[in-house]
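Chain by chain, the residues:
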Amino acid sequence: MSSKKPAHKLTLKAQDVFFPAACVAAIVLSVMAQLVRMGFAPWAHKLTGLGHAHEMLFGFVLALICGYTLGKVPVVKLLSMLLLWLLARIMFLLSNQPIGSEIFNIGFSLWVVWHILPRFMVAKKWRNRMIIPLLLAIFSFPMVWFLGHHFVVAFNPQYLYQSLLILLLMLMTFIAGRMLAPALAGDMQIQGFTLKARVQPRIEGALLVLPAIGSMWLFLPVNPLITAFLLVAMGTLITVRMWRWQFWRCYQRSDLMALVAGYAWLLLGALLLAYVVFIQQYNQAFLHVITMGAVGTLSSVVILKYALPRRSYPAMVFYPSMLLILLATVARVWADVSLYRDVLLSLSVFFWSLNYLMVLCIWLHGVRKKTLK
């Protein structure tokens, strides 16, 4: 009898599809946006301003979440999801009618969330089950964008993006915390220390509830002080959690220090987003602390840890990635208050793209080694 599985039963890890897709998107979307700003690619003018935010959030970030949460998926289904995601990116860039891209975005996001949710339904603790409405909310944003853009007269996409960033802060705080707590505890145990404050369930629960409430208040005609206060409270809880982890004891582990750096970006991003919400002025530079600093650092760490063999994380991999993301974020924030805006934006794109090119090459090398085994 043949040992080969039928084609419809062959599975593939989502990481092996959506992680490289996210790396390519991070590079291409950023480089093309900068080329448009410099006047070299007028046909890609949609990738500037809010269009750039649209594609980085609905394209790059959603691809990262898919890679992390989908797990093993039948090959045909996974490639079909990737095709929908890719068609949405192409339609947004080339079509004069946005509805085509929006339909593909909605189809992709609904299909993905339909596949993801059953994996988390079996969770018993409410903190784990909170991921269900959180992922549902995040992947429903393409539909919310479509409905708001076409049927709401006073539709404000800036509020929508800010609300999505709050939810992404929640998700990244949860995922990074679940990665850091056991890893720090394990490394300290090897050193002879005992870390008592690990997951810190009460703080983790508060970090899931407070920003969720803040995200909802953004859409209500009330004083934005409430959302800002909740985001400051989130930043305070992140600080307390990091301090109780005693992460400095694990300074020799570059992968853990990279995760800690990403968690620190979440802290800074929560506080700056609180300021943006409070003054009611959309500030692209401050929001890039989340979309570049936090997302860039944490996603790079996750992809690198997946690509490299366990327990062989060389410092020369994680520290350059941390530095490149730091330089990219600082240059992007500095650009909006400098006379050399164009130069700083180009530098930011260069550092950002170089990081993801490095991550992609390491991922390809890791896949090659796995294939040869």
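Up top is the structure these notes are about.
Here is what the cut-offs are and how they apply
- Residues numbered from 1 in each chain as written.
- Predicted model: local features only at pLDDT ≥ 70, side-chain atom pairs only at ≥ 80, totals over all residues.
- Heavy atoms only, no water.
- Helix = DSSP H or I, 4+ residues; strand = E, 2+ residues; numbered from the N terminus.
- Rg over C-alpha atoms; globule rule 2.2 N^0.38 Å.
- Buried < 20%, exposed > 50% of the residue type's maximum accessible area, 1.4 Å probe, protein only.
- Contact = heavy atoms within 4.5 Å.
- Areas by Shrake-Rupley, 256 points an atom, 1.4 Å probe, with all protein chains shown as cover.
- Lys, Arg positive; Asp, Glu negative; His and termini not counted.
- Charge placed at Lys NZ, Arg CZ, Asp CG, Glu CD.
- Polar contact = N/O pair within 3.5 Å; in protein donor to acceptor, adjacent residues only side chain to side chain.
- 1 Å grid on protein atoms, 1.4 Å probe; cavity = no way out; pocket = protein on both sides within 12 Å on 5 of 7 lines; lining within 4 Å.
- Points joined across faces, edges and corners; volume = space filled by probe spheres on them.
- Nonpolar A, V, L, I, M, F, W, Y, C, P; charged D, E, K, R; others polar.
- Phe/Tyr/Trp six-rings, centres within 6.5 Å; stacked < 30°, edge-to-face > 60°.
- Lys NZ or Arg CZ within 6 Å of the ring centre and 35° of its normal.
- Expected span 1.5 Å × (residues − 1).

Thoughts on the overall build of the protein chain
Moving on, step 1. Counting its regular elements, the protein chain contains 14 helices and 2 strands.
Moving on, step 2. Here the C-alpha radius of gyration of the protein chain, 20 Å, is about what a compact globule of 373 residues would show, namely 21 Å.
Moving on, step 3. Referenced to the eigenvectors of the C-alpha coordinate spread, the extents of the protein chain come out at roughly 60 × 60 × 45 Å.
Moving on, step 4. Every one of the 373 residues in the protein chain was classed for burial, and the buried ones make up 53%.
Moving on, step 5. Taking contacts inside the protein chain between residues at least 6 apart in sequence as the whole, the part at least 24 apart equals 78%.
Moving on, step 6. By element, 71% of the accessible surface of the protein chain is carried by carbon and sulfur atoms, the whole surface being about 17800 Å².
Moving on, step 7. Charge centroids of the protein chain, computed over 31 positive and 8 negative side chains, lie 14 Å from each other.

As for the side chain of Arg89
Moving on, step 1. Position of Arg89 relative to the elements: it lies in helix H3 (residues 75-94).
Moving on, step 2. In this structure Arg89 comes out as buried when scored by relative accessible area, which is 9%.
Moving on, step 3. Side-chain polar atoms of Arg89 contact the backbone oxygen of Trp85, separated by 3.1 Å.
Moving on, step 4. Apart from residues no more than four positions distant in its own chain, Arg89 is found in contact with Glu55, Phe58, Gly59 and Asn105.

Looking at the layout of surface pockets
Moving on, step 1. The space that makes up the second largest pocket amounts to roughly 440 Å³.
Moving on, step 2. If you list the elements that add at least two residues to the lining of the second largest pocket, you get helix H1 (15-37), helix H2 (50-69), helix H8 (157-191), helix H12 (284-307) and helix H14 (341-372).
Moving on, step 3. Looking at the lining of the second largest pocket residue by residue, the class counts come to 13 nonpolar, 8 polar and 3 charged.

Structural notes on empty space enclosed by the protein
Moving on, step 1. One pass over the full model with this rule turns up 2 cavities of 30 Å³ or more.
Moving on, step 2. Considered as a void within the structure, the largest cavity measures approximately 270 Å³ in volume.
Moving on, step 3. Along the walls of the largest cavity sit 17 residues, with Leu64, Met172, Ile175, Leu298 and Ser299 positioned nearest its centre.
Moving on, step 4. Elements with a minimum of two residues in the lining of the largest cavity: H2, H8 and H12.
Moving on, step 5. Take the lining of the largest cavity: its biggest share by element is 6 residues, from H8.
Moving on, step 6. A breakdown of the residues in the lining of the largest cavity according to their chemical character gives 16 nonpolar, 1 polar and no charged.
Moving on, step 7. By volume, the second largest cavity is sized at about 30 Å³.
Moving on, step 8. Lining the second largest cavity are Ala258, Thr297, Val301, Leu304, Phe318, Ser321 and Met322.
Moving on, step 9. Across the lining of the second largest cavity, the residue classes tally to 5 nonpolar, 2 polar and no charged.

A short note on the environment of Ala26
Moving on, step 1. On the secondary structure map, Ala26 appears in helix H1.
Moving on, step 2. Residues Ala26 and Leu357, 331 residues apart in the sequence, show an inter-C-alpha distance of 9.2 Å.
Moving on, step 3. Ignoring anything within four residues of it in the chain, the contact list for Ala26 reads Phe60, Trp352 and Tyr356.

With respect to the packing of aromatic side chains
Moving on, step 1. Within the structure shown, the criterion is met by 12 aromatic pairs.
Moving on, step 2. Put simply, the rings of Phe58, Trp145 and Tyr161 touch in pairs and so form one group of aromatic residues.
Moving on, step 3. Positioned above the aromatic ring of Phe92 is the side chain of Lys46, whose terminal nitrogen or guanidinium carbon lies 6.0 Å from the ring centre.

Here we look at helix H4 (residues 99-121)
Moving on, step 1. For H4, which comprises 23 residues, the first-to-last C-alpha distance of 33 Å matches the rise-based estimate of 33 Å (1.5 Å per residue) to within 8%.
Moving on, step 2. Among the residues of H4, Gly100, Ser101, Glu102, Asn105, Ile106, Phe108, Ser109, Val112, Val113, His115, Ile116 and Leu117 are the ones counted as buried.
Moving on, step 3. Where H4 is buried, its residues touch H1, H2, strand E2 (72-74), H3, helix H6 (131-139) and helix H7 (141-151).

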